[in-house]
Each structure stands twice: as C-alpha cells, then as structure tokens.
Amino acid sequence: MTYSSDEYKRQIMNDLARGNVESLGDVKSDPSRDYQDFDDFAQRSSVDERRQLFGQSLHPERIPPSEMEPELRKAIEQIKPNERDDVARAFMKRLHERGFSDRQLEQQLSLSTHHASRMSADDVAKMATFVYHNHPDIFQDVLAEKPGLMKFLSNPLVAAIVGIMAAKWLSGRRSS
C-alpha cells in the first residue's frame, strides 16, 4: 500500500499508539507525562527533553542533507511569518556565538538581508540548510526551542523519526 506523507505520519502514530515502537536507548521517560500528539508534545515537553531526542535523530549522519534540504524549504514556507522570524533569530544568535557576523552570513549564504525579521522563507531555508549541514548541534538546539517546524517536515524518514520520538510519550497508551 502506498501512503501520502500525511497518511504515513498518521499510520506511524497509530502503530506507535498500539505499542509498535523502537527503543530510544538511554532516553529517560516519565510515564506521568504522556502526550496525545506532536502538538501536545511540542507544547508540554521541556526544551531539554526535545534537545535530547532531536540530538539523537536530527543529524546529517542519520538524515542526509540531500533529503533534509527540500524538506526544510517546504517546512519553512509553511510556518507563520512570526514563527519564521523566531527561527531565523535563533539561528542567527547561535551563529553569532560561533563567530559569524550578520554581514558574513548574508554574503556567504547569499541572503537577501542580514536582518532576521526581514528574511524571506528562502533566506531562512538557506540558513537552516547551512546550519543542518555544518552545525548540526545548533540545528538541534533551535528545533528543540522551536519544535513547531518539525510537524511540517514530510519526508517519510523524518516522519518516522518524529513518530519514534513521540512513541516515548505514548507509552501509557500502549496495550499490554
């Protein structure tokens, strides 16, 4: 059976809710904090919980940039402009901490501006791609702080990783 991206995500979540999951290794679970879906997880989980999970899953060694880049572009185009600005500011802040200047990033990445609040979806996608490929730890940190972007990723591999992460908190709903 062939699934669309949304159907694929729903099927993964349904499988996970029934207990069909993979081990998440050393990630500690608090069964009192079961989440209903990804939005609930994004709102109620801590930045540290998300950072730990995304750190295990979102890395160029697990998802090649050639697969992640088009997904990032599509996801960034779908988020609200104010959320896109927040993501851009978060990337810029962390890149500044690594010694990059606004102008340097603008030139190196061929951005239309160096002002995060004025960046287009294309600018933010270029920055996200650069960060994912060259600074995966920054990418993971920003997504841990701004997890809403994750729900717009449609690649089946990314959907599977999101599903595996969510399974950790669906444990209370697993059938025995």
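What counts, and at which threshold
Residues numbered from 1 in each chain as written. Predicted model: local features only at pLDDT ≥ 70, side-chain atom pairs only at ≥ 80, totals over all residues. Heavy atoms only, no water. Helix = DSSP H or I, 4+ residues; strand = E, 2+ residues; numbered from the N terminus. Buried < 20%, exposed > 50% of the residue type's maximum accessible area, 1.4 Å probe, protein only. Contact = heavy atoms within 4.5 Å. Areas by Shrake-Rupley, 256 points an atom, 1.4 Å probe, with all protein chains shown as cover. Expected span 1.5 Å × (residues − 1). Arc of directions from axis to C-beta. Axes fitted to C-alpha atoms, helices over the stretch in contact; angles between N-to-C directions. Left-handed = near helix turned anticlockwise from the far one by under 90°. Nonpolar A, V, L, I, M, F, W, Y, C, P; charged D, E, K, R; others polar. Parallel < 35°, antiparallel > 145°, perpendicular 65-115°, else oblique.

> Explain the overall build of the chain here, please?
Of the regular secondary structure elements, the chain holds nine helices and zero strands. Listing the helices and strands of the chain from first to last along the sequence gives α-α-α-α-α-α-α-α-α. Burial status across the chain gives 45% buried among its 176 residues. Taking the intrachain contacts of the chain between residues at least 6 apart in sequence as the baseline, contacts between residues at least 24 apart amount to 75%. By element, 45% of the accessible surface of the chain is carried by carbon and sulfur atoms, the whole surface being about 9100 Å².

> Even after reading the chapter, I still don't get helix α4 (residues 65–78), so can you show me in this structure?
End to end, α4 covers 20 Å across 14 residues, agreeing with the expected 20 Å (1.5 Å per residue, within 8%). When we look at burial in α4, the residues that qualify are Pro65, Met68, Glu71, Leu72, Ala75 and Ile76. Buried residues in α4, looked at end-on, bunch into an arc of 130°, giving them a common side. For α4, the exposed residues lying more than 90 degrees away from the buried face are Ser66 and Glu77.

> Is there a simple way to think about unusual backbone geometry in this case?
With the exception of glycine, most residues fall at negative phi, and the peptide bonds are largely trans. Positive phi values are uncommon outside glycine, yet serine 110 reaches one of about 55°. Mapped onto the elements of the fold, serine 110 is located in the loop between α6 (102–108) and α7 (121–134).

> Would you explain the packing of α4 against α7 in this entry?
The relative placement of two packed helices comes down to the angle between their axes together with the axis-to-axis distance. Interaxial distance between α4 and α7 falls to 9 Å at its minimum, and their mutual angle equals 150°. Between α4 and α7 lies a crossing whose hand is right-handed. Together, Pro65, Met68, Glu69, Leu72, Arg73, Ile76 and Glu77 of α4 and Ala121, Asp122, Val124, Ala125, Lys126, Ala128, Thr129, Tyr132 and His133 of α7 make up the contact between the two elements. When grouped by side-chain class, the residues that make up the contact of α4 with α7 number nine nonpolar, two polar and five charged.

> Which parts of the structure should I look at to understand the packing of α7 against helix α8 (residues 136–145)?
Where α7 contacts α8, the axes come no closer than 5 Å and their chain directions differ by 125°. Comparing the axis directions of α7 and α8 gives the class oblique. Two secondary-structure elements touch here, α7 through Ala128, Val131, Tyr132, His133 and Asn134 and α8 through Pro136, Ile138 and Phe139. Of the residues belonging to the contact of α7 with α8, the class tally is six nonpolar, two polar and no charged.

> How should I be thinking about the environment of valine 124 in this particular structure?
Tracing the chain through its elements places valine 124 in helix α7. Overall, valine 124 belongs to the buried group, its relative accessible area being 0%. In sequence terms valine 124 and leucine 111 are 13 residues apart; their C-alpha atoms lie 8.5 Å from each other. If near-sequence neighbours (up to four positions away) are discounted, valine 124 is found in contact with Ile76, Arg84, Val87, Ala88 and Met119.

> Would you take a moment to explain the side chain of arginine 94 for this structure?
You can see arginine 94 is positioned in helix α5 (residues 81–97). Among all residues touching arginine 94, those that are not within four sequence positions of it are Ile138, Asp141, Val142 and Glu145.

> So what exactly am I meant to see when it comes to the environment of isoleucine 76 here?
Positionally, isoleucine 76 belongs in helix α4. We classify isoleucine 76 as buried; its relative accessible area is 0%. With 76 residues separating them along the chain, isoleucine 76 and phenylalanine 152 place their C-alpha atoms 7.9 Å apart. In this structure, isoleucine 76 is in contact with Arg84, Ala121, Val124, Ala125, Ala128 and Leu149, ignoring residues within four places of it in sequence.

In short, shape yes, function no, at least from these values alone.
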